[in-house]
Structures are given as C-alpha cells and as structure tokens.
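Per-entry structural report
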Amino acid sequence: MPIHPSQRLLNHRRTKIVATLGPSSTSAAVIGRLIEAGVNVFRLNFSHGTQEGHREVYQTVRAEAERLKKGVAILADLCGPKIRVGMFAGGSVMLVKGEEVTVTTRQVEGGPGLIPSQYEPLARDVRPGQKILLDDGNLSLEVVSVAGTEVSCLVIDGGLLKNKKGMNMPRAKLSVKALTEKDISDARFALGLGVDFLALSFVRQANDILELREIIHEEKSSCAIIAKIEMPEALGNIEKILGVADGIMVARGDLGVELPLEQLPPIQDQLVNMARRFQKPVIVATQMLESMIENARPTRAEVTDISTAVRSGADAVMLSAETAAGKHPVETVLMMDAVLRETEAWLYERDQFRRLTPLDLRLNDKNIEFAVGQATAVLARDLSVRGIIVSTKSGHSAAVVSSFRPPSPIVVITPDERVSRFIMLLWGAYPLTKPNEDYENMRETAQRIAVEADLVRENGTVLVLRGFNPNPAKNMPGLIVVPVQR
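Everything numeric in this text was worked out from a predicted model, so none of it was measured. (Residues numbered from 1 in each chain as written. Predicted model: local features only at pLDDT ≥ 70, side-chain atom pairs only at ≥ 80, totals over all residues. Heavy atoms only, no water.)

What follows is about helix α16 (residues 442-452). For α16, the complete set of buried residues consists of Met442, Thr445, Ala446, Ile449 and Ala450. Mapping the buried residues of α16 onto a view down its axis gives an arc of 135°, with all of them on the same face. Packed against the buried residues of α16 are β17 (387-391), β18 (410-414), β19 (429-433), β20 (460-466) and β21 (478-484). (Buried < 20%, exposed > 50% of the residue type's maximum accessible area, 1.4 Å probe, protein only. Helix = DSSP H or I, 4+ residues; strand = E, 2+ residues; numbered from the N terminus. Arc of directions from axis to C-beta. Contact = heavy atoms within 4.5 Å.)

Closest axis-to-axis distance for the helix α10 (residues 300-312)/helix α12 (residues 329-349) pair is 9 Å, and the angle between their directions is 50°. As the angle between them shows, α10 and α12 are arranged oblique. The handedness of the crossing between α10 and α12 is right-handed. Across the interface between the two elements, Val303, Ile306, Ser307, Val310 and Arg311 of α10 pack against Met336, Val339, Leu340, Thr343, Glu344 and Leu347 of α12. (Axes fitted to C-alpha atoms, helices over the stretch in contact; angles between N-to-C directions. Parallel < 35°, antiparallel > 145°, perpendicular 65-115°, else oblique. Left-handed = near helix turned anticlockwise from the far one by under 90°.)

Moving on, we come to the environment of Asp77. Considering the arrangement of structural elements, one finds Asp77 in strand β3 (residues 73-77). Residue Asp77 is classed as buried on the basis of its relative accessible area, which comes to 1%. Taking C-alpha positions, Asp77 is 10.0 Å from Ile225, a pair spaced 148 residues apart along the chain. Non-local contacts of Asp77, meaning those with residues more than four positions away in its chain, are made with Arg43, Leu44, Asn45, Phe46, Ser47, Ala199, Ser201, Lys228 and Met249.

Moving on to the pattern of salt bridges. A complete count under the given rule lists 24 salt bridges for this structure. For Asp315, the salt bridge identified is with Arg405, shortest N-O distance 3.0 Å. You can see Asp315 sitting in the loop between α10 and β16 (316-319) and its partner Arg405 sitting in the loop between α14 (396-403) and β18, a full 90 residues away along the chain. Of the two residues, Asp315 and Arg405, both sit in the buried class. The partner of Glu417 in a salt bridge is Arg421, with the nearest N and O atoms 3.8 Å apart. (Salt bridge = Lys/Arg side-chain N within 4 Å of Asp/Glu carboxyl O.)

The end-to-end C-alpha distance of α12, which contains 21 residues, comes to 31 Å, matching closely the 30 Å that a straight helix rising 1.5 Å per residue would cover. Considered for burial, the residues of α12 that qualify are Pro329, Val330, Thr332, Val333, Met336, Asp337, Val339, Leu340, Thr343, Glu344, Ala345 and Leu347. Turning to α12, the residues buried within the fold contact β1 (16-21), α1 (28-37), α10, β16 and α11 (321-324). Of the residues flanking the end of α12, it is Asp351, one or two places downstream, whose phi is positive at about 55°. (Expected span 1.5 Å × (residues − 1).)

What follows deals with the sheet that holds strand β9 (residues 150-157). Reading across from one edge, β6-β5-β9-β8-β7-β11 is the order of the six strands in this open sheet, with mixed pairing throughout. Both outer strands of the open sheet, β6 (114-116) and β11 (167-168), are each paired with one neighbouring strand and no more. By the bridge criterion, five bridges tie strand β5 (residues 100-104) to β9 in an arrangement that is antiparallel. Bridging from a neighbouring strand, Val103 pairs with Val151 of β9. (Pairing = 2+ DSSP bridges.)

On to the packing of aromatic side chains. Counted by the stated rule, this structure contains two aromatic pairs. With centroids separated by 6.4 Å and ring planes inclined at 65°, the aromatic side chains of Phe46 and Phe189 adopt a geometry described as edge-to-face. Here Phe189 lies in helix α4 (residues 181-193) and Phe46 lies in the loop between β2 (41-45) and α2 (51-68), a separation of 143 residues in the sequence. A single burial state applies to Phe46 and to Phe189, both of which are buried. Here Phe197 and Phe422 contribute two aromatic rings whose centre-to-centre distance is 5.7 Å and whose plane-to-plane angle is 35°, an arrangement assigned as tilted. Placement of Phe197 in strand β12 (residues 197-200) and of Phe422 in helix α15 (residues 417-423) is noted, with a sequence separation of 225 residues between them. (Phe/Tyr/Trp six-rings, centres within 6.5 Å; stacked < 30°, edge-to-face > 60°.)

Below, the discussion takes up unusual backbone geometry. Its identity is not glycine, yet Asp135 carries a phi of approximately 55°, on the positive side. Looking at where Asp135 falls in the secondary structure, it is placed in the loop between β7 (131-134) and β8 (139-147). Even without being a glycine, Gln279 presents a positive backbone phi close to 60°. Mapped onto the elements, Gln279 comes out in the loop between α9 (264-277) and β15 (282-285). Residue Gln279 is classed as buried on the basis of its relative accessible area, which comes to 6%.

The sheet built from five strands is open, its strands ordered β19-β18-β17-β20-β21 with mixed pairing. A strand with exactly one partner marks an edge of an open sheet, and here the two such strands are β19 and β21. Ignoring which end each strand starts from, the neighbouring axes of this sheet average 25° apart. Running at roughly 150° to β17, α14 makes contact with β17, β18 and β20 of the sheet. Packing of α16 onto the sheet brings it into contact with β17, β18, β19, β20 and β21, and relative to β21 it is tilted by some 55°.

That is the geometry; function is a separate question.
Structure follows, in structure tokens:
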C-alpha cells in the first residue's frame, strides 16, 4: 500500500493554539495577523513587563478580535515564586567544573566563587548531597554544606552563568507558597481587565488552586484556573489538583529540569490522559518550535513533537518565546497550524480519533456523562455526521463531549460571552454566542446553526446535545439526530 504524503485537510482544526505575546508581537498589526494565522488563546506572561503594559496589550487583543470578528481568549500567566540567581559584576560569571562556590541569599553582587540567589528560603530548603540546577539544567551544583544564608557547593557541570537565570532544586521540598504577593496583585489586576484564564505557576497541591479560587470569588469573577504542572510534587497530587482546577498545562520547561529528561515523554502522555478523564483541557507547552525564535523553518524533531502532542489528544499546544520574542512570530503560528492540520487529517482519514477516547471516564460517579459523551462520539462516527451542536450555559457539556474526541467538529451554542471564550481552549469545539437563541426548539435551531457554522455544504446530518447539569438530580441530557438540507 503506497504512502500518501499529503492528506485532505479538515475544515475545522481540532487542536488549539496558545501564543505568548511579547516585544515581537504586541502591535495591533502583528496581533491581527496572529489571529488570522490561527491563534485561539493569547498568553500574557506576568513574569515580564508591567501591569500597564499588559493592560495595553489586553485592549489591543480585544480590539483586533472584534475588528476581525474572531473568537479569541486571553490567559494571564502568573509569575510564581522567583527562584533565580541574582546579578553579577559584568553580567555573568564562569563556573568551572570541580571548583567550590558559595550560593548566598544576601543582597550582594555576584562574582567568581559567589552566586547570589533571589530565593530567600534557599538555605532552609536544601541539604548536603542535593543538586542545584541552573539555567534550565545546563549548569549544576552539588550542595556540600549549609550555614546561615550561605550554601557551599561543588560545581558538577560548569559553564557561563548569566544574570537572573533560573534555579531548580529537584529533591528539595520548597517552603515557599505557589501564590506570592506579586501574584495576588497581578491576579486581581488581570481579573479586573477581564481575562478568561489565570495560569498558576509551581502548583504542588489542590490548596494552591483553592487559594487562587478565593481571590477570583472575591473579585466576583468566573475566570478559569489553569494549573501549571512543573513540580514533581504535583504529579503525586494530580487527581486532587484536577479535581479543583479548570485545566492543566504540561509545563515541560521546569518539569524537564526537575525530573530526568527521559521521564518527560511518558509523563506528558499520562498527564494528557488524566486531564481528559477529568474532562479538563490540557495544554502542552515549552520549546515546541524553539528554533523558529531565530530561524524561518523549524527542526524536524520539533515538527514531530507537535504531531506527537496531537496524536496523544492534547487540547492545545503553546508557543512561548517563539511568538513573544522571536523573529518570525506569524510564520511560527502558520507552521504550527500547518502541522496540526496535517496530523489531524491523517488521523481522520484512518479513523484514528477513536483511539484518543479515554478508556474510562467513570470518575466521581459521572456515569450519565460517560454514557452520553461516549454515545455522542460513537454516533458521530457511525452516522458520519457533519457536526455536533451542543447547547450549554456553563460550558460543561462541551467539555464532556470534547473529552471523547469525536470525529466531527463541535459547535457550542451559549448565551454567555465568557463561556464562549472558555470554549476556545477545548479540543474540536468552537463557540457561537447566542444570547436570545430559542433553546426550546433545538431541531429548528440546529438546522439554522449547521448552515451558519458551515457544517453542512450539501444535505447532511448533525447531532444535537442539550446540556448536562452539574447537579445530578437535574442531569437530564438529550441527544437527537437532525437532518439538514441546503
């Protein structure tokens, strides 16, 4: 059987794109081009910039989305505790393998043999024999002794250490809270703007999410929380974290430093599967097209990495420095879009979406949701329907259907603009905001929506699902098959 190098692309891309905004991409012209290139969610990175700067970018995104009549969501990524080195005389210091150095939490300028750290609890958190990794693990130290504010270390892997590079302590139990005072200030500010998602860094346990949830409630917001999984401790608490978060991000940067790199691929797959079983969106992030920060074309390995994330069933893939500081932000998104579409077309042609369906969604006794969600995916496949139309007020029904990765695109009708923007992160789902829609006569509504959403270009069939209710006593979903004529 011959191998066909190209596939017939699908009309609706299933996997979503998250793009970080920064110096290369904050102008209205570039943001507009990024939206047209296929960005679904824009990320504001609060580790950099000022609040006023983020306000201007936020307003630009909303204005460009309105101008282009495109649905786009905005995610504010909170900084988390700063675990970084300080400043050096001349901007850097050379670490030589085998030499002794002191890492100090005193407010001093670093130099040969002295590394300042911005992480005040460092001396309390590390023990002799533990490793301190610097600059994404490119440099490493081994702790020899601890005294007061001074941590004596031996250089294991040397090299040039520059100002403000990151520090990781893989075996240390960090005493600092995930939510810092800066994060609280930034969260309140972002909620005031009206962001759709808050991403919380260095999540280790469910209580980290609940603390942020309290702030969201205080601000009278319905903003969703994305838990960034980048600490080993979070892996042991992942079910509890998923139980209270609205989604997760596989933050491979720190996670790939905190754990041996060879463990990262199976961990990524397990996190994707776990999130889908909890019917929560999952973002795969970090270094997906890293080479395009400088180059106009990616490496073959990066393209394969993106395809792997698609085939594992991730809801979204994320670009960081590639679009924030890279030379080719728009071209990077176009490349990401092309790889996603080609991989999805290959999966569709071979009826492989069914393999993305989790084997067991029976968590928290949600058996009705499991049965109806699975039935929707199976009917969509067996009847070759053109689309699935879901009516929902909270977005929960859309998340349930999306988690089963049906072969047909999912059009979500909701009266709430905020829910519409949450849908932008869900695999295969695209929202239509209809404040005054007739939800009582869904058969006629579905026929009209199928044409409006370009699901049916000739005569065809769509499925219609009326929503689940979080209250089991009121949970009476309905699933109907609707023929559509054009």
